[in-house]
Amino acid sequence: MTNKIDDRGRQVGGDGAEVEEEYEIEPLEVPAAISVHDLAELMMTTPVEVIKEFMRNGHMFAINDVVEHDIVTKIAPAFGFEVLSLEDETGPGSIVLSMEKEDPSQLETRPPVVTILGHVDHGKTTLLDTIRKSNVVSSEAGGITQHIGAYQVETNGNVITFLDTPGHAAFTAMRARGAQVTDIAVIVVAADDGIMPQTEEAINHVKAAGVPIVVAINKIDRPDADPERVKRQLAEHDLLIEEWGGDVIAAPVSALTGDGVPELLENLIIVAEIGEFKANPNALARGVVVEARRDKSRGTETTVLVQNGTLRIGDNLVVGALRGRIRAMFTDRGEPIDSAGPSQPVEVLGVNGLPEAGDIFEVTADEKEARQIVEMRQRQADIQRSSGPTLDDVHTRIESGEVKALNLIVKTDVQGSVEAIKSALNTLNTDRARVNLVHAASGSITESDILLAVASKAIVIGFNSVPEQAAQAFANQEGVEIRNYSIIYNLLDDVELALSGILEPVYRDVIEGQATVRAVFRTGRRQEVAGFYVNEGRIARDSTVHVMRGGEELHVGAITSLKHFKDDVREVGTGLEGGLMLDGFNSFEEGDVIEAHRTERVS
């Protein structure tokens with residue numbers, strides 16, 4: 001019979017008797033999903049014993065069923081093992097932000113990952129091209145042979161990884177899918193135009209991500225450039241630059257001539273040094289998909305960014321609900337390589353489907369583990385869908401431990417309405433709950449707004465603004481609530497109601513009545529009835545009764561029986577007599593004071 005471990009860490013036999021030999025609980029590393037058969041082998045016991053233990057814990061599994069990690073954790077101690085926890089894979093934030101489970105001696109500094117965002121005409125693409133062409137890590141001039149959506153540059157011996165995303169929509173799409181890959185965001189603002197609506201939107205997206213911001217004030221070579229105006233506008237958006245006493249670096253550049261670009265790169269290195277970005281290159285690789293496409297001859301080409309560990313040819317990996325084995329890897333210059341370390345972007349061949357930007361990948365020990373994880377995720381995808389908050393369920397969300405703030409994205413028909421609604425919403429803020437405007441702008445509700453709502457768990461409010469067809473479909477798919485209003489008072493009423501739901505209700509204790517015990521009757525061996533006279537107020541059937549004697553509280557409990565003469569009643573009022581029995585109290589004496597209390601909600 002298989003010995004087990006009791007709650008004191010002793011080895012015991014099947015009859016519960018202690019076995020003389022001391023047995024130390026051993027750590028057990030279990031993948032995210034494992035078959036019952038393989039689990040039995042791992043714990044050096046028989047599948048029958050494992051199945052029995054699952055049954056004792058209320059789970060029915062057959063020998064070939066795949067079991068999730070959390071369920072294994074419950075039964076492993078019975079066999080002398082403690083299952084090591086998995087790193088969280090689903091929450092927002094960078095996969096490698098938490099290195100707590102890594103051996104500190106194995107951690108090494110990794111290059112920062114930078115995304116450049118900005119208004120469409122403000123020179124973002126030109127700046128990216130200038131940085132890439134002048135600083136690309138290459139032993140040969142003009143060694144750029146292909147574009148894979150991410151690349152590395154070198155400046156003064158330091159490497160920086162740039163993600164070349166189409167804009168803040170793609171940036172937020174990754175975040176919405178659980179992968180925040182960016183360490184630093186560069187916001188490009190044209191010195192002649194200043195902050196434009198798309199710039200403001202990009203700033204809001206980056207703020208929602210909690211990523212350090214560096215501002216590149218571009219087009220300083222223009223005769224009508226006004227960098228000081230840009231700095232004032234940045235301050236209006238709560239981005240106070242360093243020379244004004246803030247902590248945001250603002251670098252003047254000309255993407256066209258290259259002026260200021262080296263200084264911008266140096267500033268990025270400084271921000272990276274402050275951030276101390278580290279990873280363990282010796283671990284199994286994990287990271288995120290940057291982009292993917294199909295090629296008729298090569299199959300799926302997937303650009304991934306390694307965030308922890310080292311990715312190698314031949315590795316088995318899981319990407320979301322897909323899996324594969326790496327057949328080949330290429331740098332952004334098209335050069336074949338055998339391995340890629342932390343913060344390195346590479347194009348890989350071998351994934352058996354087309355993953356989406358933001359999908360997280362992880363290398364598994366072998367193909368069988370990869371297959372089991374994919375099977376489990378496919379089952380979960382059939383029965384689970386993460387849904388966004390609604391104004392009606394905000395209270396439930398907040399009670400689960402989130403901050404007491406209501407995230408909103410507001411879109412209006414005209415710009416004038418934006419300021420009016422922002423001002424009105426600010427009046428609803430209290431010291432206990434507040435509205436957090438993630439983004440507010442004029443125009444229709446777009447897919448980008450829905451992406452931001454998913455990433456920041458926000459509710460979208462349209463004021464005389466309707467969602468685009470694609471945005472509505474996307475909102476339905478992701479479970480994002482869109483509320484439409486044409487009257488501002490209705491909007492404010494609903495938001496105020498939601499804010500009140502965020503707050504934990506405040507209650508107070510109210511004394512409803514007071515009575516004096518005048519006689520005590522026994523109705524059985526252990527049951528007493530107190531005959532009382534109501535001095536003031538009322539004694540109600542649903543009251544909580546406090547029994548007082550000589551100024552001391554003897555008992556607090558519920559009424560089990562309340563009568564006026566022989567009739568069961570709901571309450572007995574002032575000047576009337578009655579009898580009551582209490583739950584758990586049978587020690588009444590004449591002269592005891594009975595107080596009837598109720599709980600009243602204050603707010």
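In what follows, the accompanying structure is described.

About the cut-offs
Residues numbered from 1 in each chain as written. Predicted model: local features only at pLDDT ≥ 70, side-chain atom pairs only at ≥ 80, totals over all residues. Heavy atoms only, no water. Axes fitted to C-alpha atoms, helices over the stretch in contact; angles between N-to-C directions. Helix = DSSP H or I, 4+ residues; strand = E, 2+ residues; numbered from the N terminus. Parallel < 35°, antiparallel > 145°, perpendicular 65-115°, else oblique. Left-handed = near helix turned anticlockwise from the far one by under 90°. Contact = heavy atoms within 4.5 Å. Nonpolar A, V, L, I, M, F, W, Y, C, P; charged D, E, K, R; others polar. Pairing = 2+ DSSP bridges. Salt bridge = Lys/Arg side-chain N within 4 Å of Asp/Glu carboxyl O. Buried < 20%, exposed > 50% of the residue type's maximum accessible area, 1.4 Å probe, protein only. Phe/Tyr/Trp six-rings, centres within 6.5 Å; stacked < 30°, edge-to-face > 60°.

Right, let's get into the packing of helix 6 (residues 197–209) against helix 12 (residues 447–456). At a closest axis distance of 10 Å, the pairing of helix 6 and helix 12 adopts a crossing angle of 20 degrees. Classified by the angle their axes make, helix 6 and helix 12 are roughly parallel. In this structure, the crossing between helix 6 and helix 12 has a hand that is left-handed. Of the residues in helix 12, those touching helix 6 at E201, H205 and A208 are S448, D449, L452 and S456. For the contact of helix 6 with helix 12, the residue count by class is two nonpolar, three polar and two charged.

In this section: the sheet that holds strand 27 (residues 482–485). Ordered in space as 25-24-26-27, the four strands form an open sheet in which the pairing is parallel. The open sheet terminates on both sides in strands that have one partner only, identified here as strand 25 (434–442) and strand 27. The average undirected angle you get between the axes of adjacent strands in this sheet is 25 degrees. In this sheet, strand 26 (residues 459–463) lies alongside strand 24 (residues 405–412) in parallel orientation, the contact comprising five bridges. Residue pairing across strands places I409 opposite V460, the latter belonging to strand 26.

This brings us to the pattern of salt bridges. Tallied over the entire structure, the rule returns 26 salt bridges. One salt bridge connects R110 with D183, and the closest N-O pair in it is separated by 2.8 Å. Of the two residues, R110 sits in the loop between strand 7 (108–109) and strand 8 (113–118) while D183 sits in the loop between helix 5 (168–176) and strand 11 (184–190), which places them 73 residues apart along the sequence. The pair R110 / D183 is uniform in exposure class, with both members buried. Its salt-bridge partner being R293, residue E301 comes within 3.1 Å of it at the nearest N-O pair. Judged by its relative accessible area of 6%, E301 is buried.

Within the chain, K219 stands out as a residue other than glycine whose phi angle is a positive 60 degrees. Inspection of the secondary structure assignment puts K219 in the loop between strand 12 (213–218) and helix 7 (227–236). Here F565, not a glycine, exhibits a phi torsion of approximately 60 degrees, which is positive.

Let us look at the packing of aromatic side chains. This structure, assessed with the given rule, holds two aromatic pairs. Residues Y151 and F162 carry aromatic rings whose centres are separated by 5.8 Å and whose planes lie at 25 degrees to one another, so their mutual orientation is stacked. You can see Y151 sitting in strand 9 (residues 150–155) and its partner F162 sitting in strand 10 (residues 158–163), a full 11 residues away along the chain. Taken as a pair, Y151 and F162 share a single burial class, namely buried. Between F585 and F588, the aromatic rings sit 5.0 Å apart at their centres with planes inclined by 85 degrees, giving edge-to-face as the arrangement. Each member of the pair, F585 together with F588, is buried.

Through backbone hydrogen bonds, the strands of a sheet pair up, either in parallel or in antiparallel fashion. The six strands lie next to each other as 9-10-8-11-12-13, forming an open sheet whose pairing is mixed. Two strands bound the open sheet, and with one partner strand each, they are strand 9 and strand 13 (249–252). Geometrically, the sheet is characterised by an average inter-axis angle of 30 degrees between neighbouring strands, direction not taken into account. In the packing of helix 7 onto the sheet, contacts are made with strand 11 and strand 12, and the angle to strand 12 comes to roughly 150 degrees. The strands that helix 8 (residues 261–275) touches are strand 8, strand 9, strand 10, strand 11, strand 12 and strand 13; relative to strand 10, the one it contacts most, it runs at about 95 degrees.

Of all eight residues making up strand 24, eight are buried, and the element is well covered by its neighbours. Across the two faces of strand 24 the burial is the same, with A405, N407, I409 and K411 and L406, L408, V410 and T412 all buried. As paired strands, strand 24 and strand 25 are joined by eight bridges and run parallel to one another. Of the residues in strand 25, the one forming a bridge with N407 is N436.

This part is about the environment of F474. Position of F474 relative to the elements: it lies in helix 13 (residues 469–478). C-alpha separation for the pair F474 and T446, spaced 28 residues apart in sequence, amounts to 9.4 Å. Once residues within four sequence positions are removed from consideration, F474 is found in contact with E447, I450 and L451.

A few words on helix 2 (residues 47–56). Buried residues of helix 2: E49, V50, I51, E53 and F54, and no others. The first or second residue beyond helix 2 is G58, which carries a positive phi of 85 degrees.

Moving on: the packing of helix 12 against helix 13. At a minimum axis separation of 8 Å, helix 12 and helix 13 run at an interaxial angle of 20 degrees. Comparing the axis directions of helix 12 and helix 13 gives the class roughly parallel. Crossing hand, helix 12 versus helix 13: right-handed. Residues E447, I450, L451 and V454 of helix 12 pack against A470, A471, F474, A475 and E478 of helix 13.

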